[in-house]
Amino acid sequence: VAVSTPRTGKRPPRSTGDRRKSTLAPTPRSTRSAATPRTAASAVAPTTVMAVVEGRGKATGEIGFATMDLHRPHVVISQFSDSPSYIRTFAKVLCENPMQVLMPSTMCHGGSGLFLSIQERCHDIEIVSIPRKFFSEHKGLEYMKSVVHDDFSAVEYEAQDKYYSLAAFAALMKFVEHSHHMIFARGSVQVRYVGLEQSMMIDATSIKNLEILQSARDPADTQHSLYGAINTTRTVAGARLLRSEMLQPPSSVATIEARLDAVGELVESAESCRALAKTLDNWKDLSQLLVLCARMDPARMQDSPTESYLRNLSNLHQDLGLIPQMASALQQTQSPLLETFRSCFDDIAFQTLRDMLAGFLDIDGLLEHTQGSARQQLLYFVRSGIQGINHNHNHSTYTTLRLMREPRYIHGHKV
């Protein structure tokens, strides 16, 4: 396990009205020592960051969690009491599959039992030491009032007395802003409080002995495991959800029966199942688009912001066109769960959004120029005259790129 220590970094400018000395911590250094390869979830690359804090004194054993998927503006917070062996904590870590775990510096340098346990059992996870002052429940409430989307505003009341989950949430948001350079717009993040009720917790030993994620003979082999045997999902989100549900399956009888009814109906209706599978094969992952909509710092992205926007808008337009096909495939279904999905697909908002995209995206022009790379095709994706984009200029650029790739002959010699 690599334990990162803070380093000196630039401090953001203070407001003119604040004459006090800034208490902002420097950006933590993100370093990783040589570690064993991830075998438990090699099929699903880790993209989450987790913050963990444990109570002190009489509150020892009270654990607060906060996790964020860097590819989606989605945060899950949780708080529960755990035993000295931290069985529930390790089950939660395995379920979330983080690439980094943030812990208070007092726990890392003070030899906390939780820190030593994670260091001993989770060899492939980077532990980042964060100053304890950033695990503040008051700052967590401020972040919650600022970035949480209106549809999830109820989480503020659910977590108002969950002090350790709020503290972990505050440290997570601060770390993501400084180390991953992600600043979210106001009211753009989905935050949910998830307790341990109506769910089962499987400890790490049982996961290993039952070969849920990896083979007992070869830890690097994930294909000959329960997850590898039943993972026939067609989307990245489906694979992620399947792994999470296998590690933390529901204990609610109603939830289990509803899923069994849906699966049984799809098994009996092979035509509907094939139609859904064919549609999902063409489904594009829109998680990056959600991040683009939520972030306020597109200049820090690896790709060109304009190119990323166009590529993700193209994926969104394609997915919106697939929704009527999925609704048609579920037309004859009768199970309550599948009927709920079908009613969601019938929402008129999907067609309204597709019509809005058609107002400034030239789909016909894109189809006429299917030759060439996907990057070149984006030149024809925006209608002429939109925000000063000229279609003739796009055509000239595409022609220049094509001519540069064609071979030239001088005196019979290829150059």
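Predicted model, so just to flag it, every value in this text is computed and none were measured.

Cut-offs used in this document
- Residues numbered from 1 in each chain as written.
- Predicted model: local features only at pLDDT ≥ 70, side-chain atom pairs only at ≥ 80, totals over all residues.
- Heavy atoms only, no water.
- Helix = DSSP H or I, 4+ residues; strand = E, 2+ residues; numbered from the N terminus.
- Buried < 20%, exposed > 50% of the residue type's maximum accessible area, 1.4 Å probe, protein only.
- Contact = heavy atoms within 4.5 Å.
- Areas by Shrake-Rupley, 256 points an atom, 1.4 Å probe, with all protein chains shown as cover.
- Phe/Tyr/Trp six-rings, centres within 6.5 Å; stacked < 30°, edge-to-face > 60°.
- Lys NZ or Arg CZ within 6 Å of the ring centre and 35° of its normal.
- Salt bridge = Lys/Arg side-chain N within 4 Å of Asp/Glu carboxyl O.

> Account for the overall build of the chain, with residues named and values stated.
When you go through the chain residue by residue, the secondary structure sums to 18 helices and nine strands. Residues counted as buried form 42% of the 415 residues belonging to the chain. Restricting the contact set of the chain to residue pairs at least 6 apart, pairs at least 24 apart contribute 68%. Per element, the accessible surface of the chain, about 23,400 Å² overall, is 53% carbon and sulfur.

> Now, about the packing of aromatic side chains: what can you tell me, with residues and values included?
Inspection of every chain in the model, using the stated rule, returns two aromatic pairs. When the centroid spacing of 5.6 Å and the interplanar angle of 20° are considered together, the rings of Phe-65 and Phe-80 count as stacked. Here the residue Phe-65 occupies a position in strand E3 (residues 62-69), and Phe-80 occupies one in strand E4 (residues 74-81), the gap between them amounting to 15 residues. Of the two residues, Phe-65 and Phe-80, both sit in the buried class. Judged by centre distance (6.5 Å) and plane angle (80°), the ring pair of Tyr-143 and Phe-169 falls under edge-to-face. Placement of the pair is Tyr-143 in helix H4 (residues 137-147) and Phe-169 in helix H6 (residues 163-179), with a sequence separation of 26 residues. Residue Tyr-143 shares its accessibility class with Phe-169, and that shared class is buried. A cation over an aromatic ring shows up here: Lys-139 above the ring of Tyr-143, its NZ or CZ 5.5 Å from the ring centre.

> Report on the pattern of salt bridges, specifying residues and quantitative values.
A complete count under the given rule lists five salt bridges for this structure. In this structure, Asp-281 engages Arg-234 in a salt bridge whose closest nitrogen and oxygen atoms are separated by 2.8 Å. Of this pair, Asp-281 sits in helix H11 (residues 270-281) while Arg-234 sits in the loop between helix H8 (226-230) and helix H9 (236-247), placing them 47 residues apart in sequence. Across the salt bridge formed by Glu-245 and Arg-259, the nearest N and O atoms sit 3.0 Å from each other. Taken together, the residues span a long stretch of sequence, with Glu-245 in helix H9 and Arg-259 in helix H10 (residues 253-268) at a distance of 14 residues. Judged by its relative accessible area of 24%, Glu-245 falls in the partly exposed class.

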